[in-house]
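Take a look at the letters that make up each chain.
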Amino acid sequence: MEKTYHVAVVGATGAVGAKMIEMLETSSLPIESVKLLASKRSKGKKLAFKNKLLTVEELVPDSFKGIDIALFSAGGSISKKFAPEAVKRGAVVVDNTSAFRMDPEVPLVVPEVNESALHSHHGIIANPNCSTIQMMVALDPIRQAYGLDRIIVSTYQAVSGAGMSAIKELKEQLQDMLDGKQPEDLTANILPCGSDAKHYPLAFNALPQIDVFSDEDYTYEEWKMVNETKKIMSDNQIKVAATCVRIPVLQGHSESIYIEVKDSSATVRSIQDLLLQAPGVVLQDDPSEQIYPQALNSVNKKETFVGRIRRDLDVNNGFHMWVVSDNLLKGAAWNSVQIAESLHRLGLVRVN
Ligand code: NAP
Ligand code: 12T
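Cut-offs used in this document
- Residues numbered from 1 in each chain as written.
- Chains lettered and ligands numbered in written order.
- Predicted model: local features only at pLDDT ≥ 70, side-chain atom pairs only at ≥ 80, totals over all residues.
- Heavy atoms only, no water.
- Helix = DSSP H or I, 4+ residues; strand = E, 2+ residues; numbered from the N terminus.
- Rg over C-alpha atoms; globule rule 2.2 N^0.38 Å.
- Contact = heavy atoms within 4.5 Å.
- Areas by Shrake-Rupley, 256 points an atom, 1.4 Å probe, with all protein chains shown as cover.
- Lys, Arg positive; Asp, Glu negative; His and termini not counted.
- Charge placed at Lys NZ, Arg CZ, Asp CG, Glu CD.
- Near = heavy atom within 4 Å.
- 1 Å grid on protein atoms, 1.4 Å probe; cavity = no way out; pocket = protein on both sides within 12 Å on 5 of 7 lines; lining within 4 Å.
- Sits in = over half its atoms within 2 Å of the grid points.
- Nonpolar A, V, L, I, M, F, W, Y, C, P; charged D, E, K, R; others polar.
- Polar contact = N/O pair within 3.5 Å; in protein donor to acceptor, adjacent residues only side chain to side chain.
- Salt bridge = Lys/Arg side-chain N within 4 Å of Asp/Glu carboxyl O.
- Buried < 20%, exposed > 50% of the residue type's maximum accessible area, 1.4 Å probe, protein only.
- Pairing = 2+ DSSP bridges.
- Axes fitted to C-alpha atoms, helices over the stretch in contact; angles between N-to-C directions.
- Parallel < 35°, antiparallel > 145°, perpendicular 65-115°, else oblique.
- Left-handed = near helix turned anticlockwise from the far one by under 90°.
- Phe/Tyr/Trp six-rings, centres within 6.5 Å; stacked < 30°, edge-to-face > 60°.
- Lys NZ or Arg CZ within 6 Å of the ring centre and 35° of its normal.
- Points joined across faces, edges and corners; volume = space filled by probe spheres on them.
- Expected span 1.5 Å × (residues − 1).

Asks: Please give an account of the overall build of the protein chain that cites residues and values.
Replies: When helices and strands are tallied, the protein chain shows nine helices and 14 strands. In terms of overall dimensions, the protein chain is globule-like: its C-alpha atoms have a radius of gyration of 20 Å, near the 20 Å expected for 352 residues. Taken along its principal axes, the extent of the C-alpha atoms in the protein chain is 60 × 55 × 40 Å. Across the protein chain, the fraction of contacts at a sequence separation of at least 24, relative to all contacts at a separation of at least 6, is 67%. A total of about 16000 Å² of accessible surface is found on the protein chain, and carbon and sulfur atoms cover 49% of it. Charged side chains of the protein chain number 37 positive and 43 negative; the gap between the two group centres comes to 6 Å.

The following block contains the structure:
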């Protein structure tokens, strides 16, 4: 008889957790049961899974008794505290936070790119940052064919990446503006970053800060894109710089990406042909018909959309492109469930 799994979702009431539940409903994973975990605040709340109502339970260490797979998305401090508790009780953890991503013992996985890294797991697997994931899906086929020397990326990130409370804040600001409020009278308590000192309105705005500032005046979100790219592509030499910007979009991150490839035989046409075949990629690139990826069209899709591929006007091996994906799906919930499916297919749902 096929093994079936007891699955836990930690942070089930959040923006990512809600999508994890949806992704599990349609997953090929043989699921025996689903346990929904969140804070004490949500205890007793009921959420639907496959036409059944499940009751949200408060997260405690013993929540993981009998659990085979635990999907974490409740913030870094919760993962640091509870992921080891889950592993201790025999569960494999797929963690969506930045808590373990750069730990050399923890595989950082985008299944289309480095699924084989899963073989070395010791109980915890990290899901990369949303902005990194979609960039890896688009660029790895190009790296494999032509080599990648450098990446310069600017992101246009949706507010849902910052959670339910940020979504609510933006919606209220947008309504207030339409009702005639002046920008200086808007309420801002969360964005650009809940834990930072100052807050600014996002409505009808663009904020060049995601997460807190760090070394060299890059934000932590920008450093995540740099460091995670090197780890996933197993290349410490690759040059990467990022500028991460929050825009008043609800769902779907967009990225303007400039690359320099190593092999000078690459052309726009050959890159388009590669991406037509690439796993998880949909090419949407026909300027003559105004065809290009758009955040609105990426919502609730699992794929990464690529278009606007064109050569740089001055640098021989330089190319530009526009890359869009649903930050809550490929950027978070779908990539995590996809990792769980890979673990199952490879016989790696076990802790050692
Ligand atoms: P969110 O909408 O604010 O949801 C937070 C979730 O965490 C809620 O379910 C909340 O439960 C739960 N939680 C908070 N404190 C808790 C506690 N003390 N014990 C147990 N559960 C607790 O946030 P989100 O957007 O879903 O993101 C959640 C986390 O996922 C983020 O902090 C981030 O680390 C990660 N994330 C990763 C990516 C990525 O790039 N891969 C993208 C987005 C988010 P209550 O409802 O009970 O408060
Ligand atoms: N601050 O998982 O605010 O590292 O959009 C993902 C998204 C952190 C993360 C965001 C963030 C992460 C955001």
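Asks: Account for the site of ligand 2, with residues named and values stated.
Replies: Taken together, N96, S98, R101, N129, C130, G161, A162, I210, D211, E221, K224 and R246 form the complete shell of residues around ligand 2. In the complex, the protein chains occlude 78% of the 320 Å² of accessible area that ligand 2 would expose alone. Structurally, ligand 2 is housed in the largest pocket. In terms of residue class, the shell around ligand 2 is built from three nonpolar, four polar and five charged.

Asks: Got a sec to walk through the site of ligand 1? Specific residues and values, please.
Replies: Taken together, 26 residues sit near ligand 1, with T13, S39, S42, N96 and C130 positioned nearest. At a separation of 2.5 Å, an oxygen atom of ligand 1 approaches a polar side-chain atom of S42. At 2.9 Å, a side-chain N or O of S73 approaches an oxygen atom of ligand 1. In isolation ligand 1 offers 930 Å² of accessible surface; the protein chains occlude 76% of this area. Tallied by class, residues from the shell around ligand 1 come to ten nonpolar, 14 polar and two charged.

Asks: Give a detailed account of the pattern of salt bridges, specifying residues and quantitative values.
Replies: Applying the stated criterion to the full structure yields 15 salt bridges. Note that R269 and D273 form a salt bridge whose closest N and O atoms lie 3.6 Å from each other. Pair noted here: R269 and D273 are both in helix α7 (residues 268-277), with a separation of four residues, about one helical turn. For R269, a relative accessible area of 58% corresponds to the exposed category. One salt-bridge network, in which partners are shared between bridges, spans D62, E85, K88 and R89.

Asks: Residues and numbers for the pairing of strand β3 (residues 46-49), please.
Replies: As judged from the four bridges shared by β3 and strand β4 (residues 52-55), these two strands associate in the antiparallel manner. Within β4, the residue paired with F49 across the bridge is K52. Turn length for the β3-β4 hairpin, with the two strands adjacent in sequence and antiparallel, is two residues, and the turn residue K50 shows positive phi of about 50 degrees.

Asks: I'd like to hear about the packing of helix α4 (residues 130-146) against α7, residue by residue, with values.
Replies: To characterise two packed helices, one gives the angle between the axes of the helices and the distance between these axes. Where α4 meets α7, the closest approach of the two axes is 10 Å, and the angle between their N-to-C directions is 120 degrees. Accordingly, the angle class assigned to the pair α4 and α7 is oblique. At the point where α4 passes α7, the crossing takes the right-handed sense. Between α4 and α7, the contacting residues are A138, P141, I142, A145 and Y146 on the first element and S270, I271, L274 and L275 on the second. Classifying every residue of the contact of α4 with α7 by side-chain character gives eight nonpolar, one polar and no charged.

Asks: Can you explain the packing of aromatic side chains? Please cite residues and give values.
Replies: Counted by the stated rule, this structure contains three aromatic pairs. Ring centres 5.6 Å apart and planes at 15 degrees place the aromatic pair F64 and F72 in the stacked group. By relative accessible area, which is 0% here, F64 ends up buried. Classification of F72 by relative accessible area gives buried; the value is 0%. Taken together, a centroid distance of 5.0 Å and an interplanar angle of 65 degrees make the contact between Y156 and W322 edge-to-face. Of this pair, Y156 sits in strand β9 (residues 148-157) while W322 sits in strand β14 (residues 318-325), placing them 166 residues apart in sequence. For K302, the ring lying beneath its charged end belongs to W334, and the centroid distance is 4.2 Å.

Asks: Now, about the layout of surface pockets: what can you tell me, with residues and values included?
Replies: Gaps left between atoms show up when a probe the size of a water molecule is rolled over them. Taken as a whole, the largest pocket encloses approximately 1400 Å³ of empty space. Contributing to the lining of the largest pocket are 49 residues, with A74, G75, G161, A162 and G163 lying nearest its centre. For the lining of the largest pocket, the elements supplying multiple residues, two or more each, are α1 (15-25), α2 (76-88), α5 (164-178), α6 (220-232) and α9 (329-345).

Asks: Lay out α6 with the relevant residues and their values.
Replies: Taking 1.5 Å per residue as the helical rise, α6 with its 13 residues ought to reach 18 Å, and the 18 Å between its terminal C-alpha atoms agrees with that figure. Elements in contact with the buried residues of α6: α3 (111-114), α4, β9, β10 (239-246) and β11 (253-261). S234, located one to two residues past α6, shows a positive phi value of around 50 degrees.

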